[in-house]
Amino acid sequence: MGNERAEPRYRRILLKLSGEALMGKADYGIDPEVIRRLAGEIFEVVGRGTQVAVVIGGGNIFRGEGLARRGMDRVTGDHMGMLATVINALAMQDALENLGAHARVMSALRINEVCEDYIRRRAIRHLEKGRVVILAAGTGNPFFTTDTAASLRAIEIEADVLLKATKVNGIYDADPVRNPGAKRYARLTFDQVLADKLMVMDATAIVMCRDNALPLQVFNLHNAGDLLRIVDGEDVGTVVSNA
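The structure displayed is predicted, hence computed values, not measured ones.

*Asks:* Tell me what's going on with the packing of helix α1 (residues 32-47) against helix α3 (residues 74-98), and back it up with residues and numbers.
*Replies:* The contact between α1 and α3 brings their axes to 9 Å, and the two run at 65 degrees. Like other packed secondary-structure pairs, α1 and α3 cross with a definite hand, here right-handed. Across from Ile 35, Leu 38, Ala 39, Ile 42 and Phe 43 in α1, the residues of α3 making contact are Asn 88, Ala 91, Met 92, Ala 95 and Leu 96. Looking at the contact of α1 with α3 residue by residue, the classes come out as 9 nonpolar, 1 polar and no charged.

*Asks:* Please set out the pattern of salt bridges residue by residue, giving values where relevant.
*Replies:* Taken as a whole and judged by the stated rule, the model has 16 salt bridges. The salt bridge involving Arg 210 is made with Asp 191; its shortest N-O contact spans 3.1 Å. With a gap of 19 residues between them, Arg 210 in helix α7 (residues 203-211) and Asp 191 in helix α6 (residues 190-195) connect regions that are remote in the sequence. Residue classification places Arg 210 among the partly exposed positions, given a relative accessible area of 26%. Taking relative accessible area as the criterion, Asp 191 reaches 47% and is therefore assigned partly exposed. Put simply, Lys 16, Asp 147 and Lys 164 are held in one network by salt bridges that share partners.

*Asks:* Before we move on, can you summarise unusual backbone geometry with the specific residues and values?
*Replies:* The phi dihedral of Lys 197 is positive, around 50 degrees, even though this residue is not glycine. Mapped onto the elements of the fold, Lys 197 is located in the loop between α6 and α7. Of note in this structure, Ala 213 is not a glycine but carries a positive phi near 50 degrees. Within the element layout of this structure, Ala 213 appears in the loop between α7 and β10 (216-220). Look at Ala 213 and you get exposed, because its relative accessible area is 55%.

*Asks:* Kindly report on the sheet that holds strand β5 (residues 132-136), identifying the contributing residues and their values.
*Replies:* One open sheet holds the 9 strands; their spatial order is β4-β3-β5-β2-β1-β6-β10-β11-β9, and the pairing between them is mixed. Of all strands in the sheet, those with a lone pairing partner are β4 (116-117) and β9 (187-189), marking the two edges. As defined by bridge partners, β10 adjoins strand β11 (residues 238-241) across 3 bridges and the pair is classed as antiparallel. Across the sheet, Gln 217 pairs through a bridge with Val 239, a residue of β11.

Rules behind the numbers
- Residues numbered from 1 in each chain as written.
- Predicted model: local features only at pLDDT ≥ 70, side-chain atom pairs only at ≥ 80, totals over all residues.
- Heavy atoms only, no water.
- Axes fitted to C-alpha atoms, helices over the stretch in contact; angles between N-to-C directions.
- Helix = DSSP H or I, 4+ residues; strand = E, 2+ residues; numbered from the N terminus.
- Left-handed = near helix turned anticlockwise from the far one by under 90°.
- Contact = heavy atoms within 4.5 Å.
- Nonpolar A, V, L, I, M, F, W, Y, C, P; charged D, E, K, R; others polar.
- Salt bridge = Lys/Arg side-chain N within 4 Å of Asp/Glu carboxyl O.
- Buried < 20%, exposed > 50% of the residue type's maximum accessible area, 1.4 Å probe, protein only.
- Pairing = 2+ DSSP bridges.

Shape descriptors only; they carry no functional weight alone.
Here it is in structure tokens:
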């Protein structure tokens, strides 16, 4: 009896991964070792009894906003970026299935030959059945980031928390890479994040979280096991909420 594991802190989470996270140390594309490790951590979380949805960016393959600054039509560039997220989502689905997990890619753009359309009720049903739902193509609309898509989808599926994986362990008052003396915040309010322009996510995503009382937790993607620690109830990274 003493070896029984406590119930996970969260019933349902949405994990936001940047496309760049999948590159590892490469300059482009997907590092198979990195995606296998991430899939392994997600698989362990599902094994704890927590339902997991994932939103992945596409910056490791294509970033529409960057090319728009160099003359490409912004709408065209954003649609290309959305397709890049589908590639990443399919790669994550494959990595999860290789571990024995059940996963579904659901796209905000219709690509029926390779994945399902995003339908809110169907996504929730997949989660209830223990499947990892990988949400691709952002919101399906240009001019909206995958951070905003993550906030929107987390609210729609009634996630308990939005987990934002970054390169550092939380939110700091300055860039900790450039400033070793930067202070890490353990807790913040959404209004503080907006007022102090702590650019962990774009303002639209932060406002959506604030207005819908969706907690945000920021942690270091590269600290192996941190995702599991969060689900197990440990204090990791920075928590942003209304209180």
